[in-house]
Amino acid sequence: MKEQIKAIENYIPEEPLAQVKKRLGLKKLIRLSANENPFGTSSKVKEAILNWNFAESNRYPDGDASQLRQVIAAKLKVPSNHLVFGVGLDEIIMLLSHVFLENGDEIILTKPTFSEYALHAQIEGAKVVEVPCNAKSGGHDFAGMLTKITSKTKLIWLCNPNNPTGVYERPSVIENFIAHVPKDILVIIDEAYIHYVTDVDSPSFLPLLSKYPNTILMRTFSKVYGLANYRVGYAVMSAKLAAYMQSVRLPYNLSALSQIAALAALKDQKFVKKSVNKTQKERKAWETFFESQGIKYFHSQANFIFFKYPGANKLADFLLKNGYQIRRGFSDEWLRLTIGTTADGGKLRTLFLTQIKK
Ligand SMILES: *Cc1c(COP(=O)(O)O)cnc(C)c1O
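Reading the values: the criteria
- Residues numbered from 1 in each chain as written.
- Predicted model: local features only at pLDDT ≥ 70, side-chain atom pairs only at ≥ 80, totals over all residues.
- Heavy atoms only, no water.
- UniProt positions renumbered as here; feature names shortened; annotations may be inferred.
- Helix = DSSP H or I, 4+ residues; strand = E, 2+ residues; numbered from the N terminus.
- Rg over C-alpha atoms; globule rule 2.2 N^0.38 Å.
- Buried < 20%, exposed > 50% of the residue type's maximum accessible area, 1.4 Å probe, protein only.
- Contact = heavy atoms within 4.5 Å.
- Areas by Shrake-Rupley, 256 points an atom, 1.4 Å probe, with all protein chains shown as cover.
- Pairing = 2+ DSSP bridges.
- Axes fitted to C-alpha atoms, helices over the stretch in contact; angles between N-to-C directions.
- Near = heavy atom within 4 Å.
- Polar contact = N/O pair within 3.5 Å; in protein donor to acceptor, adjacent residues only side chain to side chain.
- Nonpolar A, V, L, I, M, F, W, Y, C, P; charged D, E, K, R; others polar.
- Core = buried A, V, L, I, M, F, W, Y, C linked by side-chain atoms within 4.5 Å.
- Salt bridge = Lys/Arg side-chain N within 4 Å of Asp/Glu carboxyl O.
- Lys, Arg positive; Asp, Glu negative; His and termini not counted.
- 1 Å grid on protein atoms, 1.4 Å probe; cavity = no way out; pocket = protein on both sides within 12 Å on 5 of 7 lines; lining within 4 Å.
- Points joined across faces, edges and corners; volume = space filled by probe spheres on them.

The name an unreviewed UniProt entry assigns to the protein chain is Histidinol-phosphate aminotransferase, from the organism Liquorilactobacillus oeni DSM 19972. Recorded in UniProt under Cofactor (unreviewed entry), the annotation for the protein chain is "pyridoxal 5'-phosphate". The heading Sequence similarities (unreviewed entry) in the UniProt record of the protein chain holds the text "Belongs to the class-II pyridoxal-phosphate-dependent aminotransferase family. Histidinol-phosphate aminotransferase subfamily."

Let us now look at the overall build of the protein chain. Helix and strand counts for the protein chain come out as 13 helices and 11 strands. For 358 residues, the compact-globule estimate of 2.2 N^0.38 gives 21 Å, and the C-alpha radius of gyration of the protein chain, at 20 Å, lies within 12% of that figure. Considering only C-alpha atoms, the protein chain reaches an extent of 60 × 55 × 45 Å along its principal axes. Considering the protein chain as a whole, with its 358 residues, one finds that 51% of them fall into the buried category. In the protein chain, the proportion of contacts linking residues at least 24 apart, taken out of those at least 6 apart, comes to 72%. Accessible surface computed for the protein chain: about 17,300 Å², of which carbon and sulfur atoms make up 55%.

A few words now on the sheet that holds strand β9 (residues 304-308). Read across the sheet, 4 strands follow the order β1-β10-β11-β9 without closing on themselves; strand pairing throughout is mixed. The open sheet is flanked by β1 (30-32) and β9, the only strands paired with a single partner. Taken pair by pair, the neighbouring strands of this sheet meet at an average axis angle of 30°, ignoring direction. Bridge analysis of β9 against strand β11 (residues 334-338) gives 5 bridges, and the strand direction is antiparallel.

Okay, the site of the ligand next. If you check the shell around the ligand, you find 14 residues, and the closest are Leu89, Tyr193, Thr220, Ser222 and Lys223. Separating an oxygen atom of the ligand from a side-chain N or O atom of Arg231 is a distance of 2.7 Å. For the ligand, whose unbound accessible area comes to 390 Å², protein coverage reaches 94%. A breakdown of the residues in the shell around the ligand according to their chemical character gives 6 nonpolar, 4 polar and 4 charged.

Ranked by size, the top nonpolar core spans 78 residues in total, and within it Leu68, Leu96, Trp157 and Met218 carry the most contacts. Setting aside chain neighbours within four positions, we find Leu68 in contact with Phe85, Val232, Leu254, Gln259, Ala262, Leu263 and Leu266. Judged by nonpolar contacts, the second largest core, of 22 residues, contains Tyr297, Tyr309, Leu315 and Leu319.

Take the pattern of salt bridges next. As enumerated under the stated definition, the model contains 13 salt bridges in all. Between Arg69 and Asp64 there is a salt bridge, and its shortest N-O distance comes to 3.6 Å. Linking Lys308 and Glu333 is a salt bridge whose minimum nitrogen-to-oxygen distance equals 3.8 Å. Of this pair, Lys308 sits in strand β9 while Glu333 sits in the loop between β10 (324-331) and β11, and the two are 25 residues apart along the sequence. With relative accessibility at 33%, the residue Lys308 sits in the partly exposed group. Assessed through its relative accessible area of 32%, Glu333 is described here as partly exposed.

Here the focus is the UniProt feature "modified residue: N6-(pyridoxal phosphate)lysine" (unreviewed entry) in the protein chain. Under the feature "modified residue: N6-(pyridoxal phosphate)lysine" (unreviewed entry), the UniProt entry names Lys223. Note on placement: Lys223 falls in the loop between β7 (215-220) and β8 (233-236). Since its relative accessible area comes to 15%, Lys223 is described here as buried. With sequence-adjacent residues up to four places away left out, Lys223 is seen in contact with Ala34, Asn35, Asn37, Ala192, Tyr193 and Tyr196.

What follows is about the side chain of Glu169. Within the element layout of this structure, Glu169 appears in the loop between β5 (153-159) and α7 (171-178). Nearest to the buried, unbridged Glu169 among oppositely charged side chains is Arg170, at 7.6 Å. Within the structure, Glu169 has its side chain in polar contact with the backbone nitrogen of His140 (distance 2.9 Å). Once residues lying within four places of it in the same chain are set aside, the contact partners of Glu169 are Gly139, His140, Phe142, Asn160 and Ile174.

It is worth spelling out empty space enclosed by the protein at this point. Enumeration over the complete set of coordinates arrives at 1 cavity of 30 Å³ or more. Its boundaries defined by the atoms lining it, the largest cavity holds a volume of some 30 Å³. Forming the boundary of the largest cavity are Gly63, Asp64, Ala65, Arg69, Phe85, Arg249, Asn253 and Leu254. Taken together, the residues of the lining of the largest cavity break down into 3 nonpolar, 2 polar and 3 charged.

Written as structure tokens, this is what we have:
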């Protein structure tokens, strides 16, 4: 077997909601630890799923996700052969690492960021070079990343907005960085949360993508579209890079139901807009709360917020016992909270205050 696999720490996925409830004997549990859409899923998706022809069950799905491909290509104004679909971005991250990394290669990423990038680099035997985020703003340290580039560097991961910090970087800032990166290094921009950016009108790097053939953009249906259970993500890249990815990916990775759900979700942009508006308001309420309590946090443009609290694990335990699960495990001082409904936010802040006053 691959020697490096023995050293890998398992990614611990979210424990199923029902299981946590049972384990803790809770009547009600609100999960604000996985950045899922707290407003559910568009009713248009439900309709599409219920109208699916069950008689297709014995048939393989469309391995090319043709219809979804056409619709997204038209929406993003990119050629359809520039798209690669995956079973969530999880599969795309695995594929990118599998296709472009060899033993001894290096990747560069921000610390902290989404843990899957490092996991798959390790599986391929590549070295993970971490550059701490800016301590004050939480943003990527672009200058610091440039100094870490060596002849072995193959991939640079940029999560934007970054998970878990929530910090967003403008396309012009990313472009300036890319201009300094050698052309044979791939820069991968993970826009899993790009819909939640409200500070600027045109937040995506997409319009600049074709100018830099060494850039790759990633999107998912798991977050604002409320389809985490259906596992649909995709990447946009040059036709040449996409062809390499296509030859390695599993031929029937997306089920018909996943493709149908994504198509229906895309059609309901009203649902997306509503989710973003409600999140924006509630995100502001959290920032105001942290501000008033003198709690350090990073300005978030995602559907979660990252804050510093001494005794973070104790607080997380207390909230969990009271029916709210938030994300821990970054360090013993930082927690990440998914922005939920206004009602839950109010209750959560009240609970939080009882701990601060102690
Ligand atoms: C949630 C998340 C993903 C993975 O999403 P799936 O499409 O559900 O696999 C990818 N990147 C980031 C930054 C995420 O937070």
